[in-house]
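# Examination of the molecular architecture
Now for the letters of each chain:
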Amino acid sequence: MATLELRNVTKRFGEIIALNDVSFTVEDGEFFVLIGPNGSGKTTLLRVIAGLVEPDSGDVIIDGVKVNDLRPSQRGVRMVFQDYALYPHMKVYDERRFANLNFPLKVRKFLKEDIVKVMSNVARRVGVEKELYPRKPDQLSAGQKQKVAVGRALAIEPKIFVLDEPLSNLDPLGRLRVRDEIRRIHREIKAATLYVTHNLPEAMALGDRLAVVNRGAIQQIGPPREVYEKPANEFVSVFIHSFDLPVRPV
């Protein structure tokens, strides 16, 4: 397990400042939610952490080690994308061949017996039934695709687990079910987890702490109830209270 620290991270795309001097720490085992409107820089921040985007300045530190110069595969960060990013020509799982669930293990040349053992545990964690193994992504529901995407990310035990709006393509009932499963999985793996959403009820239900993001800058960080009841500025107040919550956060 590991902690994650961002120090003064800035990223520009031309004249657009996607991230503006972002600093925060996610503790080992913490569920940390990034919330903000579309285009606020949340996804860019996850991609910087995962090593898919290089910051213009600032440092990404995992477990006390600066990882700016490390490749994505060397960071111990596992990412679940909004669009699932499954391989369309591969089955969910196949002991003998590359498949969506076991792809990270096959690439690392794990022994067959070790792959079988790991996959059994992963499938149990994310709720992928054996009847789904021979199917390809176009034969899966949105919820099933998301479970496979989460399972693939967990195939190699993550130091840092990041999820980019993983529920956005699900129907309301599916969102509730998968949300509860993600929280349960987090309790099992105990890895520092970053979760991106623009949905406040979702953030309140999942997060140990929330970071409200706007125009690439952190506006406020705190426990859900604190952010809800004591917004740090006008933007946070307007954004947070634009949601009609059925109950006050606890």
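The structure reproduced in this document is the subject of the present report. Per chain, the residues get numbers from 1 upward, laid out in the order the sequence is written. Local features are withheld for residues below a pLDDT of 70 in this predicted model, meaning they are given only at 70 or higher, and side-chain atom pairs are given and counted only at 80 or more; totals for whole chains, interfaces and linings count all residues. Heavy atoms throughout the structure, all of them, feed into the side-chain values; hydrogens and water do not.

## A look at the overall build of the protein
In terms of regular secondary structure, the protein is built from eight helices and 10 strands. In terms of overall dimensions, the protein is globule-like: its C-alpha atoms have a radius of gyration of 18 Å, near the 18 Å expected for 250 residues. Considering only C-alpha atoms, the protein reaches an extent of 55 × 45 × 30 Å along its principal axes. A 1.4 Å probe rolled over the protein chains alone gives each residue an accessible area, and that area as a share of the maximum for its type sets the label: buried under 20%, exposed over 50%, partly exposed in between. Out of the 250 residues in the protein, the part that is buried amounts to 49%. Here the accessible surface of atoms and residues is derived via Shrake-Rupley with a 1.4 Å probe, and residues count as covered only by protein chains that are part of the display. Here the protein has roughly 12200 Å² of accessible surface; of this, 49% comes from carbon and sulfur atoms. If you average the places of the 38 positive and of the 32 negative side-chain charges in the protein, the two averages end up 6 Å apart. Runs of H or I in DSSP of at least four residues are treated as helices and runs of E of at least two as strands, each being numbered from the N terminus. Just to be clear, the radius of gyration here is over C-alpha atoms, and the globule rule we use is 2.2 Å times residues to the power 0.38. Working convention for charge: Lys and Arg count positive, Asp and Glu count negative, and His plus the chain ends are omitted. Lysine's charge is taken at NZ, arginine's at CZ, aspartate's at CG and glutamate's at CD.

## Description of the sheet that holds strand β6 (residues 77-80)
What makes two strands pair is DSSP finding at least two bridges between them. As summarised here, the arrangement of the six strands in space is β6-β7-β8-β3-β9-β10, forming an open sheet in which the pairing is mixed. The open sheet terminates on both sides in strands that have one partner only, identified here as β6 and β10 (217-222). Taking each pair of neighbouring strands and ignoring which way they run, the sheet shows an average axis angle of 20 degrees. As paired elements, strand β7 (residues 160-164) and strand β8 (residues 192-197) share five bridges and run parallel to each other. Bridge pairing links valine 162 to leucine 194 in β8. By the convention used here, residues are in contact when the closest approach between their heavy atoms is within 4.5 Å. Lines fitted to the C-alpha atoms define the axes, with helices restricted to the stretch that makes contact. Angles between their N-to-C directions range from 0 to 180 degrees. Helix α4 (residues 142-154) contacts β6 and β7 of the sheet and is inclined by roughly 175 degrees relative to β6.

## Let's talk about the environment of glutamine 139
Its place among the elements puts glutamine 139 in the loop between α3 (112-126) and α4. Looking at glutamine 139, the relative accessible area reads 47%, which means it is partly exposed. Those residues within four positions of glutamine 139 in sequence are excluded, and the remaining contacts are Pro134 and Gln144.

## Quick notes on the layout of surface pockets
Cavities and pockets are defined on a 1 Å grid built over the protein atoms alone: a cavity is a set of grid points where a 1.4 Å probe fits but cannot escape, while a pocket is an open set with protein on both sides within 12 Å along at least five of seven lines, and lining residues are those with an atom within 4 Å of any such point. Grid points are joined across faces, edges and corners, and a volume is the space filled by probe spheres set on the points. As a volume, the largest pocket reaches approximately 470 Å³. As for the largest pocket, its lining consists of 17 residues, of which Val77, Arg78, Met79, Phe81 and Arg152 are closest to the centre. Of all the elements in the fold, those that place two or more residues in the lining of the largest pocket are β6, α2 (103-107) and α4. Roughly 240 Å³ of internal volume is contained in the second largest pocket. Along the walls of the second largest pocket sit 14 residues, with Ser141, Gly143, Gln144, Gly174 and Arg177 positioned nearest its centre. Looking at the lining of the second largest pocket, the elements that each hand over two or more residues are α4 and α5 (172-189). Residues are grouped as follows: Ala, Val, Leu, Ile, Met, Phe, Trp, Tyr, Cys and Pro are nonpolar; Asp, Glu, Lys and Arg are charged; every other residue, Gly included, is polar. Of the residues contributing to the lining of the second largest pocket, the split by class is four nonpolar, five polar and five charged.

## Looking at α4
Here a helix's expected span is defined as the number of its residues, less one, multiplied by 1.5 Å. The terminal C-alpha atoms of α4 lie 19 Å apart, and with 13 residues this matches the ideal 18 Å at 1.5 Å per residue to within 8%. For α4, every residue scored as buried is listed here: Gln146, Lys147, Val148, Ala149, Val150, Gly151, Arg152, Ala153 and Leu154. Where α4 is buried, its residues touch β6, α2, α3, β7 and α5.

## So, the side chain of glutamine 220
Mapping glutamine 220 onto the fold places it in strand β10. What makes glutamine 220 buried here is its relative accessible area of 9%. Among the polar contacts made by the side chain of glutamine 220, one reaches the main-chain carbonyl oxygen of lysine 230 at a distance of 2.9 Å. Glutamine 220 has contacts with Leu210, Ala211, Val212, Glu226, Val227, Lys230, Pro231, Ala232 and Val236, leaving out every residue within four places of it along the chain. N or O atoms closer than or at 3.5 Å make up a polar contact, with two conditions inside protein: a donor-capable atom paired with an acceptor-capable one, and, for residues adjacent in sequence, both atoms drawn from side chains.

## Quick word on the environment of histidine 186
Looking at the secondary structure, you find histidine 186 in helix α5. Taking C-alpha positions, histidine 186 is 8.8 Å from phenylalanine 161, a pair spaced 25 residues apart along the chain. Setting aside chain neighbours within four positions, we find histidine 186 in contact with Gly29, Glu30, Phe31, Ala191, Thr193 and Asp208. A polar atom in the side chain of histidine 186 sits 3.1 Å from the backbone oxygen of glycine 29.

## Some points on the pairing of strand β3 (residues 31-35)
Within β3, five of the five residues are buried, which leaves it mostly tucked inside the rest of the structure. Here β3 shows no split at all, with Phe31, Val33 and Ile35 on one side and Phe32 and Leu34 on the other all buried. Relative to β8, β3 runs parallel, the two being bridged by five bridges. Its bridge partner lying in β8, phenylalanine 32 is registered against leucine 194.

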